Amino acid sequence: MPVNKEKYFSILEELKQYSAVLVAVSKTKPVGDILALYELGQRDFGENYVNELVEKQQQLPADIRWHFIGHLQRNKVKFIVPFVHLIHGIDSYKLLVEVNNQAEKRNRVIDVLLQVHIAKEETKFGFDDQELEQLFKTDLSALNNIKVTGLMGMASFSDDQELIKTEFHSLENCLRSHAKFQTPNTKLQILSTGMSGDYKIALQEGSNMVRIGSLLFGAR
Ligand SMILES: *Cc1c(COP(=O)(O)O)cnc(C)c1O
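Residues numbered from 1 in each chain as written. Predicted model: local features only at pLDDT ≥ 70, side-chain atom pairs only at ≥ 80, totals over all residues. Heavy atoms only, no water.

Draft legend 1. Structural view of the pattern of salt bridges. Summed over all chains, the structure comprises 8 salt bridges. A salt bridge links Asp 63 to Arg 43; the shortest N-O distance between them is 3.2 Å. Placement of Asp 63 in the loop between α3 (50-59) and β3 (65-68) and of Arg 43 in the loop between α2 (31-39) and β2 (44-47) is noted, with a sequence separation of 20 residues between them. Note on Asp 63: relative accessible area 40%, which makes it partly exposed. On the basis of relative accessible area, Arg 43 is assigned to the partly exposed category, the value being 22%. For Arg 65, the salt bridge is made with Asp 44, and the minimal N-O distance between the two is 2.8 Å. Of this pair, Arg 65 sits in strand β3 while Asp 44 sits in strand β2; the two residues are 21 residues apart in sequence, bridging distant segments of the chain. Taking relative accessible area as the criterion, Arg 65 reaches 36% and is therefore assigned partly exposed. (Salt bridge = Lys/Arg side-chain N within 4 Å of Asp/Glu carboxyl O. Helix = DSSP H or I, 4+ residues; strand = E, 2+ residues; numbered from the N terminus. Buried < 20%, exposed > 50% of the residue type's maximum accessible area, 1.4 Å probe, protein only.)

In structure tokens, the structure reads:
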């Protein structure tokens, strides 16, 4: 299925009112589809799998900003560090340290978002409230090659709009309450919430970065 141009432009129009960034989630989709959206002006793309991301990055224009939005294993960090623009799914201190170490080797400073567990489901990755508190009490000042620029979360997979709203709202509160903890490498500004099914709710609840796949590229 070709990319949905009309949908793309209407989503961009919607996001303008919120000054939100669109990350086009291209996982499992061929490079031709990515290029089609690139030619319409899209530059931010999101991928979930390291191998797939590395392969696509090599074939596509160098000015694409690649977002890694999946669950990142520590032993794979080194493969994306040379080029990744933003890592959304930091879910442990150890992973943060590994990104920092690999970034240092490459002489880069990499922006990352902390993934927070907001859904009721047990299976989703991310810090819970307590773990996040703990992390902000930890001295991150030695991690000179990362910048913690915001939070990312996924709502429950549910038809219950109120539940989704509550979950996104809790993450917005979380960002606000931690925004005061500013250090040279921590400044929480980005709230990455909202996918094809729930991005409108996310925007109402403070999202300024949405990750949308199937609405643009068709069902996977
Ligand atoms: C796949 C995925 C998306 C996009 O999902 P759609 O429902 O296709 O918009 C967004 N965020 C993450 C973390 C994903 O894995």
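Now that the structure has been shown, the text picks up again.
Draft legend 2. Expanded view of the nonpolar core. Residues Phe 45, Ile 80, Ile 87, Leu 96, Leu 114 and Leu 216 are the most contacted members of the largest nonpolar core, which totals 60 residues. The leading source of residues in this core is helix α7 (residues 161-178), at 5 residues. Once you skip the residues sitting within four places of it in the chain, Ile 87 turns out to touch Phe 68, Leu 72, Ile 80, Val 99, Ile 110, Asp 111, Val 112 and Leu 113. Listed in part, the 6 residues of the second largest apolar core include Val 23, Leu 113, Met 152 and Ile 190. (Core = buried A, V, L, I, M, F, W, Y, C linked by side-chain atoms within 4.5 Å. Contact = heavy atoms within 4.5 Å.)

Draft legend 3. Quick peek at the site of the ligand. The environment of the ligand is formed by 13 residues, the closest being Lys 27, Asn 48, Ser 196, Ser 214 and Arg 220. Take Asn 48: an N or O atom from its side chain is 2.8 Å from an oxygen atom of the ligand. One of the backbone nitrogen or oxygen atoms of Gly 213 is found 2.8 Å away from an oxygen atom of the ligand. In isolation the ligand has 390 Å² of accessible area, and contact with the protein removes 92% of it. Across the shell around the ligand, the residue classes break down as 6 nonpolar, 4 polar and 3 charged. (Near = heavy atom within 4 Å. Polar contact = N/O pair within 3.5 Å; in protein donor to acceptor, adjacent residues only side chain to side chain. Areas by Shrake-Rupley, 256 points an atom, 1.4 Å probe, with all protein chains shown as cover. Nonpolar A, V, L, I, M, F, W, Y, C, P; charged D, E, K, R; others polar.)

Draft legend 4. Expanded view of unusual backbone geometry. You will see that Thr 28, though not glycine, has its phi angle at about 70 degrees, which is positive. Checked against the element boundaries, Thr 28 lands in the loop between β1 (21-25) and α2.

Draft legend 5. Structural detail: the side chain of Glu 47. Considering the arrangement of structural elements, one finds Glu 47 in strand β2. A polar contact of 2.6 Å, which involves the side chain of Glu 47, links it to the side chain of Ser 26. Engagement of the side chain of Glu 47 in a polar contact is seen with the side chain of Lys 56, the distance being 2.8 Å. Leaving out residues up to four positions away in the same chain, Glu 47 has contacts with Ser 26, Lys 27, Ile 34, Glu 52, Leu 53, Lys 56, Trp 66, His 67, Phe 68, Ile 69 and Gly 70.

Draft legend 6. Structural detail: the environment of Asp 44. Classification of Asp 44 as buried rests on a relative accessible area of 8%. In sequence terms Asp 44 and Trp 66 are 22 residues apart; their C-alpha atoms lie 6.1 Å from each other. Discounting residues that sit within four places of it in the chain, Asp 44 has contacts with Val 21, Leu 22, Val 23, Ala 24, Arg 65, His 67 and His 85. Among the polar contacts listed, one links the side chain of Asp 44 to the side chain of Arg 65, at a separation of 2.8 Å.

Draft legend 7. Inspection of α3 at higher detail. Buried within α3 are the following residues: Val 50, Glu 52, Leu 53, Val 54 and Lys 56. Tucked into the core, α3 has its buried residues touching α2, β2, β3 and α4 (77-80).

Draft legend 8. Representation of the packing of aromatic side chains. Scanning all chains against the criterion turns up 3 aromatic pairs. Ring geometry for Phe 136 versus Phe 181: centroids 5.9 Å apart, planes at 15 degrees, classification stacked. Within this pair, whereas Phe 136 is found in helix α6 (residues 129-137), its partner Phe 181 is found in the loop between α7 and β7 (186-192), the two being separated by 45 residues in sequence. You can call Phe 136 buried: its relative accessible area is 14%. Above the ring of Tyr 38, the side-chain terminus of Arg 43 is found at 3.6 Å from the ring centroid. (Phe/Tyr/Trp six-rings, centres within 6.5 Å; stacked < 30°, edge-to-face > 60°. Lys NZ or Arg CZ within 6 Å of the ring centre and 35° of its normal.)

Draft legend 9. Representation of the pairing of strand β8 (residues 209-212) in the model. The alternating pattern of β8 places Met 209 and Arg 211 and Val 210 and Ile 212 on opposite faces, both of which are buried. In this structure, β1 lies alongside β8, joined through 4 bridges in parallel fashion. Bridge pairing in β8 links Ala 24 to Ile 212. (Pairing = 2+ DSSP bridges.)

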